Amino acid sequence: MHDIGFMEGITDALNGAAVEHVSRGEPEWLRERRAHAWDVYERTPLPTTKLEEWRYTDLKRKLDLDALRLSEAEAAPDDPEAWPERLRKAMDEDRVAAGHLVVIDGHVVHTDLDEALAEKGVVLMSLHTALETHEELVREHLATEAVPPEEGKFAALNAALWTDGIFLYVPRGVRLEHPIRVTRWVSEPGAAYFSRTLIVAEDASQVSYVDEVVSDPLERQTLVSNAVEVLARQAAQVQYVSLQRLGSGAFFQSVQRTLAERDATLDTLNVGLGSSVSRVDLNARLLGSGGNSDMLGLYFGDQNQHFDFNTSQDHVAPNASSNLLYKGALDGESRAVFRGLIRVHPKAQRTDAYQTNRNLLLSGKARADTLPNLEIEADDVKCSHGATVGELDSETKFYLMSRGLDRITAERMVVLGFLGEVLARLPLGGVVEKVTRVIEEKLAGHG
Amino acid sequence: MSEAPILKIEGLEAKVADEEFPILNGVDLEVRKGEIHAIMGPNGSGKSTLAKVLAGHPGYLVTSGSVTYQGEDLLDLETDERSRAGIFLAFQYPVEVPGVSIANFLRTAVQAHLPEGEEVDLFEFSDTLTERMQMLEMDVSFAERHVNDGFSGGEKKRNEILQMAMLEPSLALLDETDSGLDIDALKTVADGVNKLTAQHPDMSIVLITHYQRLLDYIKPDIVHVMMEGKLVRSGGPELALELEKEGYKDWRPEVAAPNTRADADSAEA
Amino acid sequence: MPQNDTIKDLNLDEHRYDFVTEGKPKFRAEKGLSEAVVRQISEHKEEPEWMLEYRLKALDIYNKKPMPTWGGDLTDLEDTLEEIYFYVRPQDKMERSWDDVPDEIKDTFEKLGIPEAERNVLAGVGAQYESEMVYHSLKQEWEEQGVIFDSIEDGLKNHPEIFREYFGTVIPAGDNKFAAMNAAVWSGGSFVYIPKGVSLETPLQAYFRVNSERMGQFERTLIIVEEGAQAHYIEGCTAPVYSTESFHSGVIEIVVKDNARFRYTTIQNWSNNMYNLVTQRAMVEAGGHMEWLDGNLGSKLTMKYPSCYLLGEGAHGEILSIAYSGNGQHQDTGGKVVHVAPNTTSSIVSKSISKGTGRSTYRGLCKVYEGAHHARSNVECDALLINDTSRTDTYPYIEIDEQDANVGHEASVSKIGEEQLFYLTSRGIPEDEAMAMIVRGFIEPIAKELPLEYAVELNRLIELEMEGSVG
């Protein structure tokens, strides 16, 4: 196993030495890749609000990269008794799974996988282990096609500094009845965590994957950075779910790219509930005819939370479809940004693409900015988008209250109904209940 | 009847342009002046396809056979030329044309049917339109609505018959005009068609329908049964009653055509 | 004087207004933009000192501001600007009656149908030939009501107090690079003042055209609609086709006071080598009602986003726009509505048609500031694509700071459906006519808002453009 403990004399800041440090003992190609990524990182200026994609999230004010250092935590034992209570609680709420993987402070401390599936060739393991057992696959896909460092400042930083990650491989024709559940925990205030997820689903395979990240409140800014690459080969069916429940103080940053080949279905759900700042860049590429991506998003903001979702539906091949629905409710002084793009390339005839973003403002100080964009270069397409920002419908509220519900119950019902539409489209066991419970807790704080 | 048929279809085979399997597998049919034919058959037998092919729908490709209309090769004509030559198709699913009023649409269509250099007399047009709308029990304000935009099923079908009344075709193909209509609406539409045929005894009609009930109101001279892309049996009005009672089960062509797209009609819906 | 041999480049079948009339400009400043040119313009117009200072300050801002990097492709524009005459003045004195207008200019107007229009419906015509008003008539009763409909120059000369109070307040010179350029070299345009409570039935119309090769036009219009007043202003532009690129950069400032209603209609059909970069904005006070009706058919590139700033309680803003982009054209248009006060409402309806290699972009902003309680806004954009080489983009910015706001945006992209075309042709209508019919139906919700003669003209233009699109 790879040891990422720090040696004396090595600076703990995010710099070239840190890159050297994390790449010790790695194969040459990976060391080169990291060095290249660092080079890209250094050459890429920090995005400012002058860039369209960062117009509403001012990194200068929201993130102090210089104050961060790489996490120094030792690997926790593979013993649930020793794990933090909130982490265990999060896992207890999960229902049946095909396999589990637990990441504590950047270390993969536990994996288990249904034996029958392992026999069929399904692989679920830490990325470091995969470097030893599945080097060719990792080499082919890691930070190459899906999220190369050139994607942006954060993609480069992540590709240079990732300390561990998750590798899931589903062989041709293998179908997983139950989801793979990943639970992550972070605990060091002021640390930066860089992790990668690589999922390869071969032809006609099927898998659901739920990645939940949890923490206590963090008294200093803590960066949790993920780069996620999901490949669905021909006719594969993949569901990727990200459930973000970090404590205040966290800056959650996730760059995700999904590649759907011919007749593949690649659905995603991003749930944003925690963290002070959350930025998700999701790019769904439809590479093959007959490909389909349902892209779902749900967020509930309160206090000073800031959510920024930047999505694109990239139709490269003809006859593919994508359908995006992002819905959020905003309370307190929270703020949400949704920026979506449907891009239909000139050859992508008979594209069917939809994009909807709906926001519910629950407080006078909340704010929503939404930019649903279209760029269409093929003429035989069906594309539409819609965006709304509004408050709770008073008629609905009145109707419910006229049946005897008090105001708070009525409001709760309307909000849950509003957000429930998203969950109903991807009703994975455990996720719906958990998300509903957290929203209810948040709503309890709504006066 | 020694007179030459107005429409003569021989061995007609056709398929959806970019698909492999044929939907029409050799249709033969002769329609004479003033005759009313009914083509019945189960879903997917190719009835609607036949109507669309005759009207010149660009999505279908004729692979074999011939269609002679008034002595000329119909398949040589573009869709609009066929209309001007007197063929009218009442659509099963009339298309919405937002922003274009019925009055404007019909005036343009009537104008297109006039010989080169002749102009529509607007007063006459308006009088005719009002009269035909009254005949179909349509409110005059209907003319200002956009073509089929937001229409109910019944309104759409009535609008089709209104267009037929205005264009006064020699051969009308009514594709499932009865579908989606309640009995009152069906009677109004059938009354309209009957009044038109009374005014124009030479007008030939091909009714395409799934059910017998339309034939209670519009009496056909000849009834055909269509199965798997072919007319497998023809007879008098009694044939329709027989079908209604016994269903289509025993009517398959002796040698069933292979590779027929069984769901052709429903897939078009 | 440009040689009229360029006329051989014209395709008279396609462009109804593509003709060139021989004109004899009386004065023309040197090419390009410099302090000397700005001073020359101001001196020629015998302007007060403050205006010269204003122009020079604006020139300074213009020089400091970078070219916008968003919107359309402006890479060739810098070279174009070097070659432009920033000021051309065809005549020395204002014309009061039609008889005084020189025959060659009359000839141009006659081809455009202006005199008939005047005889029939139009009450007052402010017609702009090249950079300045040469012909201007105003109906007697309006003068009696205190309505001012003047050239912008006469507005400055004859009504200096009102002029100075409002000029540059709606769109300051620093608003954007092209507003700064206009502020430095503006010439021509209208000055309109509608006094309190006055309601005009017939629209005010200004028809103008650019007719001199390599000449930019920088018209400036200032309109003040006092409390409770009502009026409609129509501006239409056409330009002949020239071989080199041309440039137009206008600034339109409008103030709509309490409970006043105003509509501004533009149909631009600039020749397809024209850069058309226009800033138009209205400040709408309490209970006021502002409508922009914006048609963009011509030009090589248009960047124009009419805007309404809803400053007073209950103010309403409306933007209706149609864009047509044919081969090589890019219409980057849309609208902005900014809600500052409570109970303000707005709507944007945009329809675009892209044909051949044309590209239509909707770019819009709906902003609701905190405190603009119960603001309501609705945006609808529909794009129609005619060919597989056509392109459309939609960039709606929606920024909401107020909880009880209610804001919606819907957009769709479609092509002319095969079924729709079959349906129409099956009724005997030839295919290109059917195509034009569908397009007309598509823009009907906006076209029906136009005065009849404009709607007819728009339909004709669409028909001409649709000819030969089948195939």
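**Regarding the sheet that holds strand E2 (residues 22–31) of chain B**
Residue and element names in this part refer to chain B.
- With antiparallel pairing, the 4 strands of this open sheet are ordered in space as E2-E1-E4-E5. Each edge of the sheet is formed by a strand with only one pairing partner; in this case those strands are E2 and strand E5 (72–73).
- The pairing of strand E4 (residues 60–69) with E5 spans 2 bridges and is antiparallel. When the bridges of E5 are listed, Thr68 appears paired with Asp73.

**Brief notes about the interface of chain B and chain C**
- Taken together, the contacts link 21 residues of chain B with 19 residues of chain C.
- For the side of chain B that touches chain C, the elements supplying multiple residues, two or more each, are helix H2 (79–84), strand E7 (97–101), helix H3 (102–113) and helix H5 (153–167) of chain B.
- For the side of chain B that touches chain C, the residue count by class is 11 nonpolar, 8 polar and 2 charged.

**Looking at the interface of chain C and chain A**
- Opposite the 27 residues of chain C that make contact, chain A presents 28 residues.
- Of all the secondary-structure elements, those providing two or more residues to the side of chain C that touches chain A are strand E22 (391–400) and strand E23 (406–415) of chain C.
- Looking at the side of chain C that touches chain A, the element that brings in the most residues is E22(C), giving 10 residues.
- Per-class residue counts for the side of chain C that touches chain A are 10 nonpolar, 9 polar and 8 charged.
- Two strands pair when backbone bridges link them, and strand E19 (residues 367–376) of chain A and E22(C) are joined in this way by 6 bridges, in the antiparallel orientation. In the sheet register, Leu374(A) faces E22(C), and the bridge partner there is Thr394(C).

**Remarks on unusual backbone geometry**
- One non-glycine residue with positive phi stands out, namely Asn148(B), at about 60°.
- Mapped onto the elements, Asn148(B) comes out in the loop between strand E8 (146–147) and H5.
- The phi dihedral of Asn259(C) falls on the positive side, at around 60°, and the residue is not glycine.
- Summarising the element assignment, Asn259(C) is placed in the loop between strand E11 (251–256) and strand E12 (261–269).
- On the basis of neighbour count, Asn259(C) is assigned to the partly exposed category, with 19 C-beta atoms found within 10 Å.

**Focus: the pairing of strand E8 (residues 206–215) of chain A**
All names here are of chain A.
- The element E8 is extensively covered by neighbouring structure, given that 9 of its 10 residues are classed as buried.
- As paired elements, strand E6 (residues 180–186) and E8 share 7 bridges and run parallel to each other. Looking at the pairing, Ile180 lines up with Tyr209 of E8.

**Some details on the confidence of the model for chain A**
- On average, residues of chain A score 89 in pLDDT, and 94% of them reach the 70 mark or higher.
- Counted against residues more than four places away or in other chains, residues 1–11 of chain A, with its pLDDT under 50, gives 12 contacts.

**Things to note about the environment of Leu365(C)**
Residues and elements named next belong to chain C.
- Its place among the elements puts Leu365 in strand E20 (residues 359–368).
- Sequence separation between Leu365 and Glu399 is 34 residues; the distance between their C-alpha atoms is 7.7 Å.
- Discounting residues that sit within four places of it in the chain, Leu365 has contacts with Lys336 and Tyr397.

**Structural notes on the pairing of E20(C)**
Residues and elements named next belong to chain C.
- With 9 of 10 residues buried, E20 is to be regarded as a mostly interior element.
- Pairing analysis gives 10 bridges linking strand E18 (residues 330–339) to E20, with the strands arranged parallel. Opposite Gly334, over in E20, you have Arg363 as the bridge partner.
- As paired elements, E20 and E22 share 10 bridges and run parallel to each other. Note that in E22 the partner of Thr361 across the bridge is Asp393.

Rules of the game
Residues numbered from 1 in each chain as written. Chains lettered and ligands numbered in written order. Predicted model: local features only at pLDDT ≥ 70, side-chain atom pairs only at ≥ 80, totals over all residues. Pairing = 2+ DSSP bridges. Helix = DSSP H or I, 4+ residues; strand = E, 2+ residues; numbered from the N terminus. Contact = placed C-beta atoms within 7 Å. Nonpolar A, V, L, I, M, F, W, Y, C, P; charged D, E, K, R; others polar. Buried ≥ 20, exposed ≤ 12 C-beta atoms within 10 Å, placed from the backbone. pLDDT = per-residue confidence, 0-100.

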